Amino acid sequence: MTATLSAYTTGSSSAPVQARARARRARHRRTVLLFIAPASLGFLIFFGYPLIATIYYSFTKYDLINPPQFVGFDNYIRMFTSEQLIGKAAYNTLWLVIVLTVCRVVFSLGVASVISRLKSGVGLVRTLCYLPSLAPPAAATLAFVFLFNPEFGPVNRFLRLVGIDGGLWFNDPAMSKPALTLLALWGSGELMIIILAALLDVPQEQYEAAELDGAGPIRRFWHVTLPSISPVLLFGVVNSIIYALQFFTQAIVAGSAASGTADVAGNTKFIGAPQNSTLTYPVWLYVQGFRYFNMGYAAAMAVLLFIVSAGFTWLLVRRFRKGQHQEEGA
């Protein structure tokens, strides 16, 4: 009888405790939902809905005026069969993805390595290297077109003083993409700062231990520095690939300025100059959507660009994780 009464009393007293715990958990969930609501709402409005709408319009014929007409996979079939300039645009973008990504990561790593070894004036040098990334892309491109002008540009004038022919730069189809790459390197201060922070975070004890084992500067850099900052380098590679896949403002401004016109919004013939060498995939997407009003076709191009960007990111992250697991297993 006593045991039964004790069990009943314990059970009845634990019920309010459990109710209070459930109430605390519910309040905690409401608080968490309240704090993440603005970010979730912004994600749905500015990413989720546009992505779904783009996918829908990619299966339609839409000119921004008349109602969209469903055409199935016609836009995607057109991209791979009857489109003329999309191959050139894809080639230029792929060129930038490969060359610009490698050069941007290597250049940022090199500049960050030099700054991390400076003994004085570090703040000034770091600021000077970062400032170009704050320049508006259109203004920076116009400045670069002026600097690399083949006739009166300061760069070619200096090169002629030392007996070097500077070339035509933005006016030469063979040199326009390397000139755009130089422009991108000049504005890579953000990535340089991120890599510099990673370099400064590498424990000095690892360098000292490697030096005691007889490792020289190259081996210390290869076996200590690179493994320690490899996640940051992966971020730099992914960021540079996405940056190259979305290369738009610099290309369209450079092509128009090199043609001797400031009319970027009115004349399609100046886009991609010279000889479509600066015609990137996003530029051709813009032309199709907002010049020819083929919004359904432009949406299909945007979906393909999203798939390629996501595929590059997934592949790189997967290979990086696989490499880490192999190192840990070894």
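Preceding block: the structure.
Attention in this report is confined to the structure presented alongside it. Here the residue index of a chain counts from 1 through its sequence in written order. Given that this is a predicted model, residues contribute local features only at a pLDDT of at least 70 and side-chain atom pairs are listed and counted only at 80 or more, while totals for whole chains, interfaces and linings are drawn from all residues. With hydrogens and water excluded, all non-hydrogen atoms of the structure serve as input to the side-chain values.

Counting secondary structure elements, the protein contains 14 helices and two strands. Here the C-alpha radius of gyration of the protein, 28 Å, is well above what a compact globule of 330 residues would show, namely 20 Å. Its C-alpha atoms put the protein at 105 × 70 × 40 Å along the principal axes. For every residue, the accessible area (1.4 Å probe, protein chains only) is compared with the maximum for its type, and the residue is labelled buried under 20%, exposed over 50%, or partly exposed between those bounds. Across the 330 residues of the protein, 35% fall into the buried class. Summarising the internal contacts of the protein: among those between residues at least 6 apart in sequence, 67% fall at separations of at least 24. A total accessible area of about 20000 Å² is found for the protein, and carbon and sulfur atoms account for 67% of it. Separation between the mean location of the 25 positive side-chain charges and that of the 15 negative ones in the protein comes to 12 Å. A run of H or I in DSSP counts as a helix once it spans at least four residues, and a run of E counts as a strand once it spans at least two, with each numbered from the N terminus. In this treatment the radius of gyration is a C-alpha quantity, and the globule benchmark scales as 2.2 Å times the residue count to the 0.38 power. Any two residues whose heavy atoms approach within 4.5 Å at even a single point are treated as in contact. Surface exposure here means Shrake-Rupley accessible area, sampled with a 1.4 Å probe, where a residue is shielded only by the protein chains that are shown. The sign given to each residue is positive for Lys and Arg and negative for Asp and Glu; His and the chain ends receive no count. Note on charges: their place is set at NZ of Lys, CZ of Arg, CG of Asp or CD of Glu.

Core analysis: the biggest nonpolar cluster contains 40 residues, and Met 79, Phe 170 and Met 301 have the highest contact counts within it. Within the residue set of this core, elements represented by two or more residues are helix H2 (74–81), helix H3 (86–116), helix H5 (137–147), helix H7 (176–186), helix H11 (230–245), helix H12 (249–258), helix H13 (281–290) and helix H14 (295–329). Of the residues forming this core, the biggest block, six residues, is contributed by H14. Contact partners of Phe 170, with chain neighbours within four places excluded, come to Phe 144, Val 145, Phe 148, Ser 176, Ala 179, Leu 180, Ala 254, Ala 258 and Pro 274. Core analysis: the second largest hydrophobic core is formed by 19 residues, Ile 115, Ala 198, Val 202 and Leu 226 among them. Nonpolar core, defined: a set of buried Ala, Val, Leu, Ile, Met, Phe, Trp, Tyr and Cys residues in which side-chain atoms within 4.5 Å join the residues together.

Once that is clear, we can look at the packing of aromatic side chains. Any pair of Phe, Tyr and Trp rings, taking the six-membered ring for Trp, is counted once the centres come within 6.5 Å. Such a pair is stacked with planes under 30 degrees apart, edge-to-face with planes over 60 apart, and tilted for the rest. With the rule as written, the count across this model stands at 16 aromatic pairs. Each member of the aromatic cluster is reached from another via a ring pair, and the members are Phe 144, Phe 148, Trp 169, Phe 170 and Trp 186. Either the NZ atom of lysine or the CZ atom of arginine qualifies as a charge over a ring when it sits within 6 Å of the ring centre and within 35 degrees of the ring normal. Against the face of Tyr 243 rests Arg 104, its NZ or CZ located 4.9 Å from the ring centre. One residue, Lys 177, lies across the ring of Trp 95, its end atom 5.9 Å from the ring centre.

The next thing to look at is the side chain of Thr 181. Tracing the chain through its elements places Thr 181 in helix H7. On the basis of relative accessible area, Thr 181 is assigned to the buried category, the value being 5%. If we skip the residues at most four places from it in the chain, Thr 181 touches Trp 95, Leu 96, Val 99, Leu 100 and Cys 103.

Here, a salt bridge means any Lys or Arg side-chain nitrogen found within 4 Å of an Asp or Glu carboxyl oxygen. Evaluation of the coordinates by the stated rule reveals one salt bridge. Residue Arg 78 pairs with Glu 83 through a salt bridge whose shortest N-O separation is 3.7 Å.

Once that is clear, we can look at a nonpolar patch on the surface. Nonpolar side chains (Val, Leu, Ile, Met, Phe, Trp, Tyr) within 5 Å and like charges within 9 Å form the patches, drawn only from residues with over 30% relative accessible area and no salt bridge. Taken together, the side chains of Leu 41, Phe 43, Leu 44, Ile 45, Phe 46, Phe 47, Phe 306 and Ile 307 define a hydrophobic patch exposed on the protein surface, amounting to about 850 Å² of accessible area. Put simply, the parts of the chain that give the nonpolar patch at least two residues each are helix H1 (2–57) and H14. Counting residues per element, the nonpolar patch draws most heavily on H1, which supplies six residues. Relative to the helices and strands, Leu 44 is located in helix H1.

Further remarks concern H11. Helices are assigned an expected span. That span is 1.5 Å times one less than the residue count. Along its 16 residues, H11 runs 22 Å from first to last C-alpha, staying within 8% of the 22 Å computed at 1.5 Å per residue. Burial in H11 covers these residues: Leu 233, Leu 234, Gly 236, Val 238, Ser 240, Ile 241, Ala 244 and Leu 245.

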